[in-house]
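Chain residues, written in single-letter form:
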Amino acid sequence: MQIDVTSIVEGYAQGYFLMADDSGSDLSWYSSRERTLIPLDDRFRYPKSLQRVLNQERFSVAIDQDFKSVVDGCADREPTWISEQMKEVYWALHKAGWAHSFETWQGDQLAGGILGIVIRGAFIGESMFFRIPEGSKVAMVKLVERLRDRQFVLFDAQMMNPHLERFGAYVISSRGYKDLLRSALERQCSLE
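Per chain, residue numbering runs from 1 following the sequence as it is written. Confidence filtering applies because this is a predicted model: local features only for residues at pLDDT of at least 70, side-chain atom pairs given and counted only at 80 or more, and all residues used for totals across whole chains, interfaces and linings. Values shown for side chains rest on all heavy atoms present in the structure; no hydrogens or waters enter the calculation.

Asker: Just give me the short version of the pairing of strand β7 (residues 122-130), but keep the residues and values in it.
Answerer: The buried fraction of β7 is high, at eight of nine residues. Bridge count between strand β6 (residues 109-119) and β7: eight bridges; the pairing is antiparallel. Within β7, the position partnered with G116 by the bridge is G125. Between any two strands, pairing holds if DSSP finds at least two bridges. A helix here means a DSSP run of H or I that spans at least four residues, while a strand means a run of E at least two residues long, and both kinds are numbered starting from the N terminus. Strand direction decides the pairing type here: β7 and strand β8 (residues 154-158), joined by three bridges, are parallel. When the bridges of β8 are listed, A122 appears paired with L154. The definition of a right-handed crossover adopted here requires that, viewed with the strands pointing away, the path from the first strand over the helix to the second runs clockwise. Once you follow β7 into helix α5 (residues 135-149) and on to β8, the crossover reads as right-handed. Burial classes follow relative accessibility: with a 1.4 Å probe on protein chains only, a residue under 20% of its type's maximum area counts as buried, one over 50% as exposed, and anything between as partly exposed.

Written out as structure tokens, the structure is:
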């Protein structure tokens with residue numbers, strides 16, 4: 001399969017996202033009238049029980065230490081939109097420096113992670129997973145801290161769900177999203 005990394009990055013930079021269809025054989029571009037964002041300001045919140053976990057420092061964080069395992073972890077659910085073809089796309093984006101995994105580790109065991117695409121000041125979250133309870137939640141908190149420190153403009157979570165709502169995620173119109181994305185693309189940021 002030939003992967004045109006430049007065209008894929010351009011699609012994301014215009015506000016679209018790529019997904020496999022239900023059969024897993026074809027990839028298509030999608031957009032929506034609304035987008036879900038994780039706030040990078042004081043609207044971000046998390047349960048008090050998670051603060052206790054953070055205080056215990058049971059997890060360490062890493063970036064791209066085991067990218068393929070994070071992609072596999074995110075795809076390991078039914079139904080999944082991360083087909084084998086989509087995994088190849090993520091790998092090509094990763095090798096080109098666009099796709100990243102933000103990981104939590106407990107000792108030498110991968111506890112959880114968030115898969116995303118970084119385009120300048122935008123972190124476009126594609127999926128998350130955990131293998132150890134609280135692993136993905138700690139990843140979320142630590143990733144938000146990292147994005148704030150690095151002056152990112154937006155953390156796109158694409159679609160709302162009850163899990164994201166607990167972190168203060170909010171919905172923005174397509175027009176509002178594109179305006180914010182335009183601002184994000186004017187800023188040079190890096191996860192590292």
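There's plenty left to go through after this.
Asker: Before we move on, can you summarise the packing of helix α3 (residues 67-75) against helix α4 (residues 84-95) with the specific residues and values?
Answerer: The packing of two helices is summarised by the inter-axis angle and the distance between the axes. At a minimum axis distance of 11 Å, the contact between α3 and α4 shows a crossing angle of 150°. With respect to α4, the element α3 is oriented roughly antiparallel. Crossing of α3 against α4: the hand is right-handed. Here α3 contributes F67, K68, V71, D72 and A75 to the contact with α4, which in turn contributes K87, Y90, W91 and H94. Axis angles are defined between N-to-C directions and span 0 to 180 degrees, where every axis is a line fitted to C-alpha atoms and, for a helix, only to the segment in contact. Any angle that is under 35 degrees is reported as roughly parallel, and any over 145 degrees as roughly antiparallel; angles of 65 to 115 degrees are reported as roughly perpendicular and all others as oblique. Handedness of a crossing follows from how the near helix is turned relative to the far one, being left-handed for an anticlockwise turn of less than a right angle and right-handed for a clockwise one. Note on definitions: a residue-residue contact is assigned when non-hydrogen atoms from the two residues lie within 4.5 Å.

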